[in-house]
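# Examination of the molecular architecture
Residue strings, one per chain:
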Amino acid sequence: MTEAPALLLLLALGLCCPGIRGQGYMMKIHSITQPRMGQQLMLYCESSNMDSGIFWVRQDKAGTLHFIVFISSLSRTTFGGNMRTSKHFEVWKDRRFCWLAVKSFKPQDEGNYFCLMNINQALYFSPGQPLFLPVTTTVAPKTLPSPTTPAPNITERDPCLRTPDSETSKEKGLDFLCDIFIWVPLTATCFLLLLALAVTIMLCQQTRRRRCRCKRPAKGKPSVKRGTPGPHA
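Residues numbered from 1 in each chain as written. Predicted model: local features only at pLDDT ≥ 70, side-chain atom pairs only at ≥ 80, totals over all residues. Heavy atoms only, no water.

## A few points about the pattern of salt bridges
- Across all of its chains, the model carries two salt bridges by this definition.
- With a closest N to O distance of 2.9 Å, R96 and E46 form a salt bridge. One end of the pair, R96, is in the loop between strand 6 (89-93) and strand 7 (97-102); the other, E46, is in strand 2 (residues 41-47), and 50 residues separate them in sequence.
- With relative accessibility at 47%, the residue R96 sits in the partly exposed group.
- Under the relative-accessibility criterion, E46 is labelled buried at 17%.
- The shortest N-O distance in the salt bridge between E110 and K61 comes to 3.2 Å. Here the residue E110 occupies a position in the loop between strand 7 and strand 8 (111-119), and K61 occupies one in the loop between strand 3 (54-59) and strand 4 (65-71), the gap between them amounting to 49 residues. (Salt bridge = Lys/Arg side-chain N within 4 Å of Asp/Glu carboxyl O. Helix = DSSP H or I, 4+ residues; strand = E, 2+ residues; numbered from the N terminus. Buried < 20%, exposed > 50% of the residue type's maximum accessible area, 1.4 Å probe, protein only.)

## Describing the sheet that holds strand 7
- The four strands lie next to each other as 1-2-7-6, forming an open sheet whose pairing is antiparallel. Only two strands of the sheet have a single partner each, and these edge strands are strand 1 (27-31) and strand 6. Strand-to-strand twist in this sheet, taken as the mean axis angle between neighbours without regard to direction, amounts to 15°.
- As paired elements, strand 6 and strand 7 share five bridges and run antiparallel to each other. Note on strand 7: the bridge partner recorded for K93 is C98. (Pairing = 2+ DSSP bridges. Axes fitted to C-alpha atoms, helices over the stretch in contact; angles between N-to-C directions.)

Quick look at the structure:
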């Protein structure tokens, strides 16, 4: 459509210079539904005079103007690209309202929407209607603490604060030390007893042998000691 660039330029001038607005007509734009991803969005433009054609324009976040559709006073439509129909937009009007439907709202449809009229070489346009998708914030899932078994009341130097393997090895080491401290003295004592018994037996045998070597006197005869004869002999 050849008039679209010129109308977009006039709209840009109107946004910069509010005095370009005509005072004979009042235009308002409203949104029936809120923007939702993939859902239909309904807008309508209200004016005191709908005998002229209506332009629908969108201004994106960067400030660029995009022509959407023009509907004439006879309800003939011309969409962007000089198309008669559109799969994404739908427009119709009556004597007071002009309706615009976005069939499936997408992020590229976000921006400020305007409706315009060109009457007697004068441009009339509505205030901008901002339409943006709601910002969704993702909340991190809460991690529940793992259940823990309460530890018994123990001191810092408690040797029981070890793993089962270390406790088992320690018990084995203690058992081995206990065996050493018990059995070594007992074995030494037994050895000393055996040694004393052997010495006692040897001494007893030697004493008996000495007694057996001595001569015993005859029965009834006193024993006479041999010695040097006296002076009376």
